[in-house]
Every structure is written in structure tokens, then in C-alpha cells.
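Chain by chain, the residues run as shown.
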Amino acid sequence: MGGPPADAAPAEGVLVDDLCGEELQAVYEPPRLPWLRVNMVSTVDGAATGADGRTAAINNPADHRLFRLLRRMSDVIIVGAGTARAEGYRPTDRPLVVVSGRGDVPPRLREAEPGSVLLATCASAPGLPDARKLLGDEGVLVVGDEAVDLAGLRQCLVDRGLRHQLCEGGPHLLRDLLAAGAVDEVDMTVVPRVVAGPQGRITAGGDLDVPLQLAALLEEDGTLFGRWLVG
């Protein structure tokens, strides 16, 4: 956890105009496991969503291809409960971990097959009893007392054999993961659009200053894909 290993020294930038197949996967292979990457999208003017509060309003086919690739490469997908609700998350072919300090299970995930959806919460969460009824004791990860211990969650998933971890936000969860020192990599798609409006950035919350090192920069039809290592 923390900074990149010596054998993963970041490049100044790699420009690639073909985002298909094994070559792209090789660019995003983690240098070691366990590894936690966060994948986000933004417009040129910094909006993390469209006016409707969803990323679907701003992403494009190129971003979708990378999104699907990173999911295929991962062992587990982590997402904040607010983002899961706003984006209409459903169970996937990977275990889906929803992070909620209140212990809330988003509506579309309440009837998931056992084990396909996990809830990460804390001991004081008001929704903890209901979450256990919905998902079972094995489906609820209690990490922390008054707040979700995100570094502890990372290790809890590693202990379950889920070592290649992909987080898809949202902004508050990304900020808190970075503050906890739990993130190895930040992946950021910049779509060639300007939308203005009140939309937030890819991070939200208290002040933070985390240095990043550029590992790769890719481009397709004006869409930029940055891969940064933490440290």
C-alpha cells in the first residue's frame, strides 16, 4: 500500500490511440497485489457528472470500453452507497462492495444473490440490523466503530482473497480512501466536453493533498485516459 514500487517507475506519459485488446490491458496491469485502483470520469471543466447527477450523462463509448476492461481485470468492485443509488447499480459478475456509514443497502441491490453484494459499514450504523437481514451476516462487513475504516476494509477484502480491487467512487469515498492511504492508483477519463453547472469534482470533502505520479496517458478521439500512481 502507499507509493509505487521501484519496478513500476512512472513514465512521463505514453500516447496511445488504440484502446483495444491486450495492449491496453498491459498498460493497466498492476505491478503487484494487493492493489486498489479508483476509476473516475470528468469533463474538461471538471464536472464529475452531468446535470442529472449521473456519470452516464458525460461518458462516451471509449470510456465505456475502459470501464468494462478494468472491471474484467478486478476481483471486486467497491462503490459508495450514494453513487450506487444515483447510478442504479445492479449486481455484476464480480462481488460488489457497497460502502455506507449508515448501513443502507441501495434498493436495486436488496434482492441480490447471496454473496454477490456485500455491505461495508460500521458498528454504530443505524441500518446494520436490517442490512444483516437482507444480506446475511456473511454479507455485512463491519469495519470500524463510529465510521467505516477504509484501510481496514481493504485488508478485510484481501483476507477474503479479493486482492485486485477496483473502486468506482463516488467523490466522498475517493477522498476518504485517499486520506486513509488505501489507494494505489487513480485512473481518470477526461471527456472532451464542457458542461458548466453546479456539478462536483471527482473528490469531495475535507482538504487533501496527495502527490501522484503519471504512469500513462492515452488518447482516443479527444478522450484522455490518465493513469496515476499514488506516492
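Residues numbered from 1 in each chain as written. Predicted model: local features only at pLDDT ≥ 70, side-chain atom pairs only at ≥ 80, totals over all residues. Heavy atoms only, no water.

## Concerning the pattern of salt bridges
The full count for this structure, using the stated rule, is 13 salt bridges. One salt-bridge network, held together by shared partners, links R37, E185, D187 and R227. (Salt bridge = Lys/Arg side-chain N within 4 Å of Asp/Glu carboxyl O.)

## Quick look at the sheet that holds strand β4 (residues 117-121)
Each strand in a sheet pairs with another by means of backbone hydrogen bonds, the pair being arranged parallel or else antiparallel. Read from one edge of the open sheet, 9 strands run β5-β4-β3-β2-β6-β1-β7-β9-β8, paired in mixed fashion. Because the sheet does not close on itself, it has two edges, and the strands there are β5 (140-142) and β8 (212-220). For this sheet the average axis-to-axis angle between neighbouring strands, irrespective of direction, equals 20°. Here β4 pairs with β5 via 3 bridges, running parallel. Bridged to A120 within β5 is L141. (Pairing = 2+ DSSP bridges. Helix = DSSP H or I, 4+ residues; strand = E, 2+ residues; numbered from the N terminus. Axes fitted to C-alpha atoms, helices over the stretch in contact; angles between N-to-C directions.)

## So, the pairing of β8
Pairing geometry for β8 and strand β9 (residues 223-230), over 8 bridges, is antiparallel. Of the residues in β9, the one forming a bridge with Q213 is L229. Between the antiparallel neighbours β8 and β9 lie 2 residues, among them D221 with a positive phi of about 50°.

## Looking at the nonpolar core
Judged by nonpolar contacts, the single largest core of 29 residues is most densely connected at Y28, L66, L96, V98 and L109. Those elements that provide at least two residues to this core are α1 (21-28), α2 (61-73), β2 (76-80), α3 (81-87), β3 (96-99), β4, α4 (128-135) and β8. With 5 residues, α2 is the largest single contributor of residues to this core. Beyond its immediate stretch of four places on either side in the chain, L96 contacts I77, V79, Y89, R90, L109, S116, V117 and L118. (Core = buried A, V, L, I, M, F, W, Y, C linked by side-chain atoms within 4.5 Å. Buried < 20%, exposed > 50% of the residue type's maximum accessible area, 1.4 Å probe, protein only. Contact = heavy atoms within 4.5 Å.)

## A word on α4
Three- or four-residue spacings in an α-helix give side chains the same orientation, since the helix completes a turn every 3.6 residues. For α4, the complete set of buried residues consists of L128, A131 and L135. Down the axis, α4 shows its buried residues gathered within 60° of arc, on one side only. Of the exposed residues in α4, those oriented more than 90 degrees away from the buried face are P129 and K133. For α4, the secondary structure elements touched by its buried residues are β4 and β5. Count one or two residues on from α4 and you reach G136, which has phi positive near 85°. (Arc of directions from axis to C-beta.)

## Some remarks on the pairing of β3
Side chains on a regular strand alternate between the two faces of the sheet. Side chains L96 and V98 project from β3 onto one buried face, and the interleaved V97 and V99 project onto a second face that is buried too. Here 4 bridges tie β2 to β3, and the two strands are oriented parallel to one another. Residue pairing across strands places I77 opposite L96, the latter belonging to β3. Tracing the backbone out of β2, into α3 and back to the parallel element β3 gives a crossover that is right-handed. Here 4 bridges tie β3 to β4, and the two strands are oriented parallel to one another. Bridge pairing in β4 places V97 opposite L118. (Right-handed = clockwise from strand over helix to strand, strands pointing away.)

## Observations concerning the environment of P31
Secondary-structure assignment places P31 in the loop between α1 and β1 (35-43). Overall, P31 belongs to the partly exposed group, its relative accessible area being 30%. Measuring from C-alpha to C-alpha, the distance between P31 and D207 comes to 29 Å, with 176 residues separating the pair along the chain.

## Structural notes on the layout of surface pockets
By volume, the largest pocket is sized at about 600 Å³. As for the largest pocket, its lining consists of 26 residues, of which T55, T83, E87, Y89 and E168 are closest to the centre. Of all the elements in the fold, those that place two or more residues in the lining of the largest pocket are β1, α2 and α3. For the lining of the largest pocket, the per-class residue count stands at 8 nonpolar, 12 polar and 6 charged. Lining the second largest pocket are 17 residues, and of these L178, I202, T203, L208 and L212 lie nearest its centre. Put simply, the parts of the chain that give the lining of the second largest pocket at least two residues each are α6 (171-179) and β7 (185-191). Per-element tally for the lining of the second largest pocket: the top contributor is α6, with 3 residues. Residues belonging to the lining of the second largest pocket are distributed by class as follows: 10 nonpolar, 3 polar and 4 charged. (1 Å grid on protein atoms, 1.4 Å probe; cavity = no way out; pocket = protein on both sides within 12 Å on 5 of 7 lines; lining within 4 Å. Points joined across faces, edges and corners; volume = space filled by probe spheres on them. Nonpolar A, V, L, I, M, F, W, Y, C, P; charged D, E, K, R; others polar.)

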